[in-house]
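Listed below are the residues making up each chain.
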Amino acid sequence: MLRIHDLVTELEDQLEPLSIQSAKAIRFKELKEELKANEIAMYVHQIEQIYENWTETNQRLDKLKREQLELSGFVSRHDAQLEKDRWETRRLEEEIEKLQEHLLVLSEEFEKCEGQGEVLKERKRNFSANRTQLQQTIAQQEQRLTDKEAELAEYRLKIQAIGEELARYQGQLKAEEDRLLGVTGGISGAEEDRLKGELLEALNDMANARNEARYADQRLEALGRRLERLGDEHRKWQEQQAGIAERKQKLESRLQQVVKEIDSARNSYLQVSQGLKGKQSLSEEATATVRKWEQKLQAMVSRRDTMREMANDYDGFMHGVKEVLKAKDRGDLRGIHGAVAELVKVPAQVEVAVETALGGALQHVVVDNEANGREAIAFLKRRQLGRATFLPLDVIRGRSIPDTEQRQIQGMEGFVGIAADLVQYEDKYRQIVGDLLGNVILAESLEVANRIAARVQYRYRVVTLEGDVVNPGGSMTGGEPAEEDDKPSQPAAGRLKKWTRRSPCRKASCAICG
């Protein structure tokens, strides 16, 4: 008994520390569970943040791609314009060079014409002086000619008087001779000597008169020749003056033409210079713009490469899906086709509706068969890389809405189409797409979705273009998710837009795509 009492006492002494330890263990377990929940919440938050970053990055990547295409076209157009401006600049430079050469030739010709003009002016001055002197000489010669003519007339009068006097003397001589012949015997010797003396004197006077008449004729002939020579010289000077005046007129006309050509060449040079300055300014501006866009293009290419690296890293997918896709790229897993988001192409008009209809199935992985799916799941378990959902192509079978029910809703206002008919995919994924979207109806608005759901007796899910849902049975889901909402299994709005390329739907009669 004492031993039992001692044991009981010992146990009672240990009971309090054990209860304390038990409380601590319970508290530790609670804290551990809370830590686990917080870690899960933190992981979910991190995943959502990473997903949002991935979405934003993909949006920026698409934007950069569009900007890159625009910039490429812009750069191409500017390169063509720049080359055209360079060719135009070279042409203008050649034209300016030709104009400068022509201007140089015209300047030389102008200087030559100015020199010739100065020579002509000097010759004109000399000609004017010579003409004045010649006119003075002609006036003097004309005065002298007039004087000589007066003198000649006087000589003629004298000759005439002498001739008359000679005739009178000859008559007297004849009379005296007759008288002498008649009275030869009766004249005395003194009288005869006197008469002979008078006769000799008369003969001398006649000889002098003839000499003076001959001298006067010679002077008159010399004056005539000199007058004729002066007339020839006068006509020559007049002809030379007329030639000089005509040449002067031609040179002045040529000078005016050269001045006009120089002015025209100068104006053309100024216009070409101004045009060249404008072209150079435009070329510099275009070069600066091209340089700026090239820098921007380089920055965008760098950002695009970064985005591409992020896309190649499957940033934004759930961890398990990401690791499976990476293993597929490395060749560690076989039979992996990819995530649904990678295999389906959706028109922009129905992105939100299809994304809402697919939900978490966007990240389901399509595989060839069940064995590939088991191998991928074992891979994730073995390395503790998370979870993923797999869709074997040999097992999944598509679902659809019967034609009779489709005909009932096809004529309804606001009916968009069957979701599986509005997306594009390879034919080998037809069963997968049919399973996910074959019995999903798309409507323009929630009111239309309610009417369609009532028409098909609430057997199928109806999704609006804004993402509101009428579920089978009649329940409705909708609204706008708050920024702080955590939805790890539901992709954020716009995710499908960045995971897929926009393309026309497969249905020719689509109300959205026409």
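The structure presented is a predicted model; accordingly, all values stated were derived computationally and were not measured. (Residues numbered from 1 in each chain as written. Predicted model: local features only at pLDDT ≥ 70, side-chain atom pairs only at ≥ 80, totals over all residues. Heavy atoms only, no water.)

A. Local environment of the environment of Leu120. Relative to the helices and strands, Leu120 is located in helix H1 (residues 2-182). Distance in space between the C-alpha atoms of Leu120 and Leu251 is 9.1 Å, their sequence separation being 131 residues. (Helix = DSSP H or I, 4+ residues; strand = E, 2+ residues; numbered from the N terminus.)

B. Inspection of helix H3 (residues 319-330) at higher detail. Relative to the 16 Å expected for twelve residues at 1.5 Å per residue, H3 spans 16 Å between its end C-alpha atoms, a close match to the ideal helical length. Among all positions of H3, only Gly320, Val321, Lys322, Glu323, Val324, Leu325 and Ala327 are buried. Looking at the buried positions of H3, the neighbouring elements they touch are strand S1 (336-339), helix H4 (340-343), strand S2 (365-367), helix H6 (370-383) and strand S3 (390-392). The positive-phi residue at the C-terminal boundary of H3 is Gly331, with phi of around 90 degrees. (Expected span 1.5 Å × (residues − 1). Buried < 20%, exposed > 50% of the residue type's maximum accessible area, 1.4 Å probe, protein only. Contact = heavy atoms within 4.5 Å.)

C. Highlighting the sheet that holds S1. An order of S1-S2-S3 is seen for the three strands of this open sheet, with the pairing classed as mixed. The two strands at the open ends of the sheet, each matched to only one other strand, are S1 and S3. Between one strand axis and the next, the sheet turns by 25 degrees as a mean value, whatever way the strands run. Bridge analysis of S1 against S2 gives three bridges, and the strand direction is antiparallel. Across the sheet, residue Ile336 finds its bridge partner in S2, namely Val367. The strands that H3 touches are S1, S2 and S3; relative to S1, the one it contacts most, it runs at about 140 degrees. Seen against the sheet, H6 touches S1, S2 and S3 and runs at an angle of roughly 160 degrees to S3. (Pairing = 2+ DSSP bridges. Axes fitted to C-alpha atoms, helices over the stretch in contact; angles between N-to-C directions.)

D. View of a positive patch on the surface. On the surface, a cluster of positive charge is contributed by Lys63, Arg66, Lys292 and Lys296. Elements supplying a minimum of two residues to the positive patch: H1 and helix H2 (189-312). For Lys63, the location among the structural elements is in helix H1. (Patch = residues over 30% accessible without salt bridge, like charges linked within 9 Å, V, L, I, M, F, W, Y side chains within 5 Å. Areas by Shrake-Rupley, 256 points an atom, 1.4 Å probe, with all protein chains shown as cover. Salt bridge = Lys/Arg side-chain N within 4 Å of Asp/Glu carboxyl O. Lys, Arg positive; Asp, Glu negative; His and termini not counted. Charge placed at Lys NZ, Arg CZ, Asp CG, Glu CD.)

E. Focus on the pattern of salt bridges. In the structure shown here, the tally under the stated rule is ten salt bridges. One salt bridge in this structure joins Arg27 and Glu30, with 3.6 Å as the shortest N-O distance. In this pair, Arg27 and Glu30 are both assigned in helix H1, three residues apart and thus about one turn of the helix distant. Relative accessible area serves as the criterion here: at 44%, Glu30 is assigned to the partly exposed category.

F. Quick look at the nonpolar core. Judged by nonpolar contacts, the single largest core of 30 residues is most densely connected at Val354, Val423, Leu436, Leu437 and Leu442. Mapped by element, the contributors of at least two residues to this core are H4, helix H5 (351-358), helix H8 (430-437) and strand S5 (440-443). (Core = buried A, V, L, I, M, F, W, Y, C linked by side-chain atoms within 4.5 Å.)

G. Structural view of empty space enclosed by the protein. Applying the stated criterion to the full structure yields three cavities of 30 Å³ or more. Reported here for the largest cavity is a volume of approximately 60 Å³. Residue lining of the largest cavity: Gln141, Arg144, Leu145, Lys148, Leu223, Arg226, Leu227 and Leu230, and that is the complete set. Of all elements in the fold, only H1 and H2 reach the threshold of two or more residues within the lining of the largest cavity. Residue composition of the lining of the largest cavity, by class: four nonpolar, one polar and three charged. (1 Å grid on protein atoms, 1.4 Å probe; cavity = no way out; pocket = protein on both sides within 12 Å on 5 of 7 lines; lining within 4 Å. Points joined across faces, edges and corners; volume = space filled by probe spheres on them. Nonpolar A, V, L, I, M, F, W, Y, C, P; charged D, E, K, R; others polar.)

H. Region of the structure containing a negative patch on the surface. Together, Glu93, Glu94, Glu97 and Glu101 give the surface a local cluster of negative charge. Structurally, Glu94 is set in helix H1.

I. Seen up close, the packing of H3 against H6. At their nearest, the axes of H3 and H6 sit 11 Å apart, and the two run at 110 degrees to each other. By the angle class used here, H3 and H6 are roughly perpendicular. Where H3 crosses over H6, the handedness of that crossing is right-handed. Across from Gly320, Glu323, Val324, Ala327 and Arg330 in H3, the residues of H6 making contact are Phe379, Leu380 and Arg383. The class makeup of the residues in the contact of H3 with H6 is four nonpolar, one polar and three charged. (Parallel < 35°, antiparallel > 145°, perpendicular 65-115°, else oblique. Left-handed = near helix turned anticlockwise from the far one by under 90°.)

J. Expanded view of unusual backbone geometry. In this structure, Gln457 takes a positive phi of about 60 degrees despite not being glycine. Note on placement: Gln457 falls in the loop between helix H9 (446-455) and strand S6 (461-464). In the Ramachandran plot, Tyr458 falls in the positive-phi region, its phi being about 55 degrees despite a non-glycine side chain. Here Tyr458 shows up in the loop between H9 and S6.

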